[in-house]
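Next come the chains, spelled out residue by residue.
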Amino acid sequence: EYDGYFKNIEYYEDIDEFIELISEDTTIRPIDIAKVILCKKSFTHLELEKIMYFSYCEYLREYHSPMFLEEFEAWRYGPVIPEVYHEFKKYSRSKIKINDKDKLLVWSKIMKFKSYDKLLRVIDKTLEEYGKCTARQLVDKSHEKDSPWYIVYRDGEGKNNKIPKELIEEFLEK
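Being a predicted model, the structure only gives us computed values, none of them experimental.

(A) Region of interest: the nonpolar core. Ranked by size, the top nonpolar core spans 43 residues in total, and within it Ile33, Ile37, Leu48, Met52, Met67 and Phe88 carry the most contacts. Put simply, the parts of the chain that give this core at least two residues each are helix H2 (30-40), helix H3 (45-63), strand E1 (72-75), helix H4 (82-88), helix H5 (100-112), helix H6 (116-130), helix H8 (148-153) and helix H9 (165-173). With nine residues, H3 is the single largest residue contributor to this core. For phenylalanine 88, the contacting residues outside a window of four places in its chain are Ile31, Ala34, Lys35, Leu38, His45, Leu48, Ile96 and Ile98.

Spelled out as structure tokens, the structure:
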């Protein structure tokens with residue numbers, strides 16, 4: 001109570017309650033994927049959004065299951081997860097660097113995910129294929145004619161609309 005360092009720390013007397021709370025935190029969120037990608041390579045937030053999208057597509061293609069539950073939105077420069085955009089927009093066009101604490105937190109969370117090896121393999125595969133592309137090349141790739149972004153965005157009419165997972169699946173089957 002008297003030490004400000006512990007101000008936002010929750011105290012649990014019941015170890016079982018604590019263990020249950022920790023084991024519930026195994027849902028992979030887009031921000032987790034973004035941080036894993038950034039642990040492997042530095043990107044601008046625009047590049048990061050596209051790398052995430054291509055990783056998501058590859059995971060969906062290989063495992064017929066989404067990498068995370070949140071849906072991408074059709075923004076002007078391609079598919080975006082708003083939470084990730086808002087987290088990293090402060091970097092503007094600069095490469096994003098994450099600190100050691102965030103690296104440790106994301107790796108410890110990812111390791112709890114039962115299929116983390118599949119996740120990492122897909123991210124590595126995506127980085128191998130797209131990691132050296134420029135932001136412009138990544139945007140162009142996400143804007144291909146008849147792509148899910150292209151169908152939803154419709155020359156701006158569908159700006160900020162969700163890109164349904166089913167639409168991405170249909171596109172991947174072509």
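Continuing now.
(B) The arrangement of the sheet that holds strand E3 (residues 162-163) in detail. Read from one edge to the other, the open sheet built from three strands follows the order E2-E1-E3, with strand pairing classed as antiparallel. The two strands at the open ends of the sheet, each matched to only one other strand, are strand E2 (78-80) and E3.

(C) View of a negative patch on the surface. A cluster of acidic residues, Glu71, Glu166, Glu170 and Glu173, forms a negative patch at the surface. Its location among the elements puts glutamate 170 in helix H9.

(D) The arrangement of the layout of surface pockets in detail. Taken as a whole, the largest pocket encloses approximately 350 Å³ of empty space. Every residue lining the largest pocket is counted, 14 residues in all, and those nearest its centre are His45, Leu46, Tyr77, Tyr85 and Arg93. Residue contributions to the lining of the largest pocket peak at five residues, all from H3. Among the residues forming the lining of the largest pocket, the class breakdown is six nonpolar, three polar and five charged. Phe54, Arg61, Tyr130, Lys141 and Leu172 are, among the 16 residues lining the second largest pocket, the residues nearest its centre. For the lining of the second largest pocket, the secondary-structure elements that each account for two or more residues are H3, H6, helix H7 (135-142) and H9. Among the elements that make up the lining of the second largest pocket, the one with the highest residue count is H3 (five residues).

(E) Geometry of the pairing of E1. In E1, alternate side chains face the same way, and those of Phe72 and Ala74 on one face and Glu73 and Trp75 on the other are all buried. Across two bridges, E1 lies against E3 in antiparallel orientation. What sits directly across from phenylalanine 72, in E3, is isoleucine 163. As paired elements, E1 and E2 share three bridges and run antiparallel to each other. Its bridge partner being in E2, glutamate 73 is matched across the sheet by valine 80. Two successive antiparallel strands, E1 and E2, enclose a turn made up of two residues.

(F) Expanded view of the packing of H5 against H6. At a closest axis distance of 8 Å, the pairing of H5 and H6 adopts a crossing angle of 120°. Considering the angle they form, H5 stands oblique to H6. Residues Trp107, Ile110 and Met111 of H5 touch H6, and the partners they reach there are Tyr116, Leu119 and Leu120. A class-by-class count of the residues in the contact of H5 with H6 yields six nonpolar, no polar and no charged.

(G) Representation of H2. In terms of burial, H2 is a largely internal element, nine of the eleven residues being buried. Residues of H2 that are buried include every one of Pro30, Ile31, Asp32, Ile33, Ala34, Lys35, Val36, Ile37 and Leu38, and no others. Elements in contact with the buried residues of H2: H3, H4, H5 and H6.

(H) How the structure looks around the pattern of salt bridges. As enumerated under the stated definition, the model contains 13 salt bridges in all. Three or more residues are tied together by salt bridges with common partners; here these are Glu58, Arg61, Glu62, Arg121 and Lys125.

Rules used in this analysis
- Residues numbered from 1 in each chain as written.
- Predicted model: local features only at pLDDT ≥ 70, side-chain atom pairs only at ≥ 80, totals over all residues.
- Heavy atoms only, no water.
- Core = buried A, V, L, I, M, F, W, Y, C linked by side-chain atoms within 4.5 Å.
- Buried < 20%, exposed > 50% of the residue type's maximum accessible area, 1.4 Å probe, protein only.
- Helix = DSSP H or I, 4+ residues; strand = E, 2+ residues; numbered from the N terminus.
- Contact = heavy atoms within 4.5 Å.
- Pairing = 2+ DSSP bridges.
- Patch = residues over 30% accessible without salt bridge, like charges linked within 9 Å, V, L, I, M, F, W, Y side chains within 5 Å.
- Areas by Shrake-Rupley, 256 points an atom, 1.4 Å probe, with all protein chains shown as cover.
- Salt bridge = Lys/Arg side-chain N within 4 Å of Asp/Glu carboxyl O.
- Lys, Arg positive; Asp, Glu negative; His and termini not counted.
- Charge placed at Lys NZ, Arg CZ, Asp CG, Glu CD.
- 1 Å grid on protein atoms, 1.4 Å probe; cavity = no way out; pocket = protein on both sides within 12 Å on 5 of 7 lines; lining within 4 Å.
- Points joined across faces, edges and corners; volume = space filled by probe spheres on them.
- Nonpolar A, V, L, I, M, F, W, Y, C, P; charged D, E, K, R; others polar.
- Axes fitted to C-alpha atoms, helices over the stretch in contact; angles between N-to-C directions.
- Parallel < 35°, antiparallel > 145°, perpendicular 65-115°, else oblique.

Any functional reading would require information that these geometric values do not contain.
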